[in-house]
Amino acid sequence: MEITYNGQEHTFLITNGRISYVFSVEKNRYLAHRYFGRNIRNYHGGSKPYFYDRGFCSNPVPEDRTFSLDTLPREYPDMNQGDFRSPAYVIQTEDGRRVTRFCYRNHRIIRGKPALTGLPSVYTEDDEEALTLCVELEDQSMNAGIELYYTIFRDYDAICRHVEVVNRGEKELYLERLMSMSMDFAGTEYDVLTLTGGHMNEKNLNRKAVCGDSIIAGSIRGCSSPQATPGIVLMEKEAGEHSGEVWGFQFVYSGDFQAVVQAGQYKSTRVQMGMNPLTFGWNLNGGERFVCPETVLVYSGQGLNGMSGTFHSLYRKRLCRGVYREKERPVLLNSWEAFEFHVDEEKCRTLAGEAAELGIELFVVDDGWFKNRRDDKKALGDWIEDREKFPDGICRLAKDIRSMGMKTGIWFEPEMVSPNSDLYRSHPDWIIRSPGYEPVLSRYQYVLDLSNPKVCEYVIQSVESVLNTADISYVKWDMNRHITDLGSFYLEGKRQRELSHRYMLGLYYILETLNQKFPEVLFEGCSSGGGRYDAGMLYYMPQTWASDNSDAVCRMKIQYGTSLFFPPVTMGAHVSVSPNLQVGRRTPLSTRFAVAMSGNLGYEMDFCNLPEEEKEEIKKQIVFYKEIREVIQKGRFYRLLNPQTGNMAAWNFVSGDEETVIYCYYQILSEAVQVNTPVKLKGLREDCTYRLLRDGSCFGGDELMYAGITVEPVKEDFISHVYVFKNEGR
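Computed from a predicted model, the values in this text were never measured in an experiment.

What counts, and where the lines are drawn
- Residues numbered from 1 in each chain as written.
- Predicted model: local features only at pLDDT ≥ 70, side-chain atom pairs only at ≥ 80, totals over all residues.
- Heavy atoms only, no water.
- Helix = DSSP H or I, 4+ residues; strand = E, 2+ residues; numbered from the N terminus.
- Rg over C-alpha atoms; globule rule 2.2 N^0.38 Å.
- Buried < 20%, exposed > 50% of the residue type's maximum accessible area, 1.4 Å probe, protein only.
- Areas by Shrake-Rupley, 256 points an atom, 1.4 Å probe, with all protein chains shown as cover.
- Lys, Arg positive; Asp, Glu negative; His and termini not counted.
- Charge placed at Lys NZ, Arg CZ, Asp CG, Glu CD.
- Contact = heavy atoms within 4.5 Å.
- Polar contact = N/O pair within 3.5 Å; in protein donor to acceptor, adjacent residues only side chain to side chain.
- Phe/Tyr/Trp six-rings, centres within 6.5 Å; stacked < 30°, edge-to-face > 60°.
- Lys NZ or Arg CZ within 6 Å of the ring centre and 35° of its normal.
- Salt bridge = Lys/Arg side-chain N within 4 Å of Asp/Glu carboxyl O.
- Pairing = 2+ DSSP bridges.
- Core = buried A, V, L, I, M, F, W, Y, C linked by side-chain atoms within 4.5 Å.
- Axes fitted to C-alpha atoms, helices over the stretch in contact; angles between N-to-C directions.
- Parallel < 35°, antiparallel > 145°, perpendicular 65-115°, else oblique.
- Left-handed = near helix turned anticlockwise from the far one by under 90°.

A. Representation of the overall build of the chain in the model. Within the chain, the secondary structure is distributed over 12 helices and 36 strands. Since a compact globule built from 730 residues should have a radius of gyration of about 27 Å, the 27 Å found for the chain is in line with a globular shape. Along the three orthogonal principal directions, the C-alpha set of the chain runs to about 85 × 70 × 45 Å. Of all 730 residues assigned to the chain, the portion counted as buried reaches 62%. By element, 47% of the accessible surface of the chain is carried by carbon and sulfur atoms, the whole surface being about 27000 Å². Of the charged side chains in the chain, 84 are positive and 100 negative; the average position of the first set lies 2 Å away from that of the second.

B. Molecular detail of helix H4 (residues 393-403). Looking only at H4, the buried set comprises Gly393, Ile394, Leu397, Ala398, Asp400 and Ile401. Those residues of H4 that are buried lie in contact with helix H3 (345-358), strand E22 (362-365), strand E23 (407-412) and strand E26 (472-477). At the C-terminal side of H4, Gly405 shows a positive phi close to 90°.

C. Fine view of the side chain of Asn642. Mapped onto the elements, Asn642 comes out in the loop between strand E31 (636-641) and strand E32 (648-654). There is a polar contact of 2.8 Å between the side chain of Asn642 and the backbone nitrogen of Gln644.

D. Inspection of the packing of aromatic side chains at higher detail. Using the criterion set out here, one finds 46 aromatic pairs in the structure. On the basis of an interplanar angle of 20° and a centroid distance of 4.9 Å, the ring pair of Phe23 and Tyr150 is categorised as stacked. Of this pair, Phe23 sits in strand E3 (residues 19-26) while Tyr150 sits in strand E8 (residues 144-153), and the two are 127 residues apart along the sequence. Under the relative-accessibility criterion, Phe23 is labelled buried at 0%. Taken together, the aromatic side chains of Tyr5, Phe12, Tyr21, Phe23, Phe36, Tyr104, Tyr150, Phe185, Tyr190, Trp247, Phe249 and Tyr299 make up a single cluster linked through ring pairs. The ring of Tyr266 carries the charged tip of Arg54 above its face, separated from the ring centre by 4.1 Å.

E. Region of the structure containing the pattern of salt bridges. Summed over all chains, the structure comprises 59 salt bridges. For the salt bridge of Asp155 with Arg154, the shortest nitrogen-to-oxygen distance reads 3.0 Å. Its relative accessible area of 44% is what places Asp155 among the partly exposed residues. A single salt-bridge network, built from bridges that share partners, covers Arg74, Asp78, Asp83, Arg85, Asp184 and Arg270.

F. Region of the structure containing the pairing of E32. Burial runs high along E32: 7 of the 7 residues are buried. Every second residue of E32 is oriented toward a common face, with Met648, Ala650, Asn652 and Val654 on one face and Ala649, Trp651 and Phe653 on the other, all of them buried. Bridging between E31 and E32 involves 5 bridges; their strand directions are antiparallel. Note on E32: the bridge partner recorded for Tyr638 is Asn652. The loop that links E31 with its antiparallel partner E32 comprises 6 residues. Here E32 pairs with strand E33 (residues 660-667) via 7 bridges, running antiparallel. By the bridge assignment, Ala649 is partnered in E33 with Tyr666. Where E32 folds back on E33, the antiparallel hairpin that results is connected by 5 residues, among which Glu658 adopts a positive phi of roughly 65°.

G. Focus on the nonpolar core. Core analysis: the biggest nonpolar cluster contains 195 residues, and Phe249, Trp369, Trp477, Tyr603 and Phe607 have the highest contact counts within it. Discounting residues that sit within four places of it in the chain, Trp369 has contacts with Val343, Trp383, Ile384, Glu385, Asp386, Phe390, Ile394, Ile410, Trp411, Phe412 and Val466. Residues Leu684, Tyr690, Ile709 and Phe725 belong to the second largest nonpolar core, which totals 21 residues.

H. Representation of the packing of helix H10 (residues 589-596) against helix H11 (residues 612-634) within the structure. Relative to each other, H10 and H11 sit at 25°, their axes nearing to 11 Å. Between H10 and H11, the angle falls in the class roughly parallel. The chirality of how H10 crosses H11 is right-handed. Of H11, the residues touching H10 (which contributes Leu589, Ser590 and Phe593) are Glu614, Glu617, Ile618, Gln621, Phe624 and Tyr625.

I. Quick look at H10. Where burial is concerned, most of H10 is hidden: 7 out of the 8 residues are buried. All buried positions along H10 are accounted for by Leu589, Thr591, Arg592, Phe593, Ala594, Val595 and Ala596. Buried positions along H10 lie against helix H9 (552-562), strand E29 (571-576), strand E30 (600-604), H11, E33 and strand E36 (719-729).

J. Focus on the sheet that holds E30. What the 8 strands build is a closed barrel, ordered E21-E22-E23-E26-E27-E28-E29-E30; its pairing is parallel. On average, adjacent strands in this sheet sit at an angle of 30° to one another, irrespective of strand direction. Inspection of the sheet shows E26 paired to strand E27 (residues 522-525) by 4 bridges, in the parallel sense. Looking at E27, one finds that Val475 is bridged to Phe523. Contacting E23 and E26, helix H6 (residues 453-469) crosses the sheet at an angle of about 145° to E26. H10 rests against E29 and E30 of the sheet, and its axis sits at about 170° to E29.

K. Expanded view of the sheet that holds strand E1 (residues 2-6). Taken together, 4 strands build an open sheet; the order of strands is E1-E2-E3-E4 and the sheet is antiparallel. The sheet is open, and its two edges are formed by E1 and strand E4 (30-38), each paired on a single side. On average, each strand axis in the sheet is tilted by 15° relative to the strand beside it, whichever way the strands run. In this structure, strand E2 (residues 11-15) lies alongside E3, joined through 5 bridges in antiparallel fashion. Bridged to Ile14 within E3 is Tyr21.

L. How the structure looks around the pairing of E26. Taken across its 6 residues, E26 has 6 buried, putting it largely inside the fold. Both E23 and E26 contribute to a ladder of 5 bridges, which runs parallel. Of the residues in E26, the one forming a bridge with Phe412 is Trp477.

M. Molecular detail of the environment of Glu2. Here Glu2 shows up in strand E1. Overall, the relative accessible area of 43% leaves Glu2 in the partly exposed class.

Here is the structure:
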């Protein structure tokens, strides 16, 4: 792990012995990107760009007509100096000017990784784990600075980048656009991979070629959204799951974002990630500093699986926090699909008794437990337990559940308020709305204005009062609508463009406060399923409900796509009823389990109405899952067959000690022509023997990885196989 500056070549080399990042200072002023990829021992300018006198190219150095910022591979580009590609930042002065001249001033190297004020970020536990380079840019006329931060890790093949803007003058500056990173790659022979979708159809892999224009992914919905994910992958044309060079970029943020991939006129590719400029703006007073969220950059020479493995290990160990970072996640039963809004004390106690008999460890009371909540048209914001439904309170129910050997969880949607609620009647000015217009309803609810500190404190106190009253071990934190009418009664007029980001800062403040007050509580994020499944939320909530769609076939596709960036331990995945409530599909219980057990296993059904044979099967499933849970939640995950593009799905897990391998195979539809295509496992020791626990047969790791393994064809739809192998050594 090393950061060096070569004064003769004017280059920075950032490396950990496995990956390297290089950029230079050109003309003593401008930062130029040189390299990001497999480790190189040193850099002597072999890939430096050559410059030519080109038409329509401005020359910021008058005596050199060959030098133009429009052709330079840049590290953090501006506008109004002759680079007409997408700028990384736009800053406006009080008198309306948007011309800037930020140039290299100096740099410093910091041991460890500085925290980002008020924001989620990858962290270190001691300063020996990382090195950080801070490069300072200065605009003397504006009397302002831009600081570019680069962190390299000892144990993870990733680099974190973020930006901070400092107003050193007395006059106010206005930030119009501020990307957390920008980078120019040589050439345009790349593909771009994004995750797209919608509600109950999240995380679809979408691959397209870089061409002569821009590819832009983003959200202006007030959250990262089910429609888009704040992450992109740049890939070599021939790169795939297990081979080829790929570069992954993940924004550690939960609000509006924008990712840009832009082809330049002279065969270059610009990649940018940051807050969406359509809803971002910030007034920076004299003496103030603005901190931008960070982007995680991962390089892999082993295709998408190699990239995913780095994101998974980094996020599991250095983004997720708290006791549940290492602690096994409990098997839960959620009440929603059993009762929907019609929960009450007797129903919950009876269902919990059945759940305890089957081995469930956590019983979750979903929506409907609080005062006047009979449907989704009222009562959000009034977080007081309903004494008609729970005469002895949630506290008594939690005690009874604890006596059954389980823990209790509860559902909240604290960021929202119903018009028909005591909270809204008391504080109609606490919602996000624009004066002069009737605010738009969605799901009969409004969004609370979390830019207002009083609203944040109300949310904290509401959740805190419930958690302090009852023995609650788990909170499902939901968000079921996107933000419209982007306006605030709390913020002054010139700060209205700050609302989108201030909302996220308010939410992060709430979550950080609750994390500190209740360190033993497991928080699970939810936004009508996977609508806010992003790296920012994982900092506060180490798992996310991946989708409201619990159908096994749909879920194997959703979970496959989710794993591009996020480890299985962060995926909430439940076994639900058949026929499925979302799509009506009839799927075997074994397959519903085989898909759900590939994440954090839960159940969502009324156990009281199940046949005895299904209860016995569920009891065996839970016993089996507990035996392999550590491998699923802490092992290395490998994608093998993609259900989004084919009729089969497959993946395997390898335990941290390499002693256990779990292989999952799924056939979606039966086919008239049966085929015998072996699936090649990944991550095994080729010189070791692996024993299949099912029948004791043994295979070499090299055989399983290079020749593969077949399963016996079955003429049925929706079939699954789960094989557990033990490493018997050499």
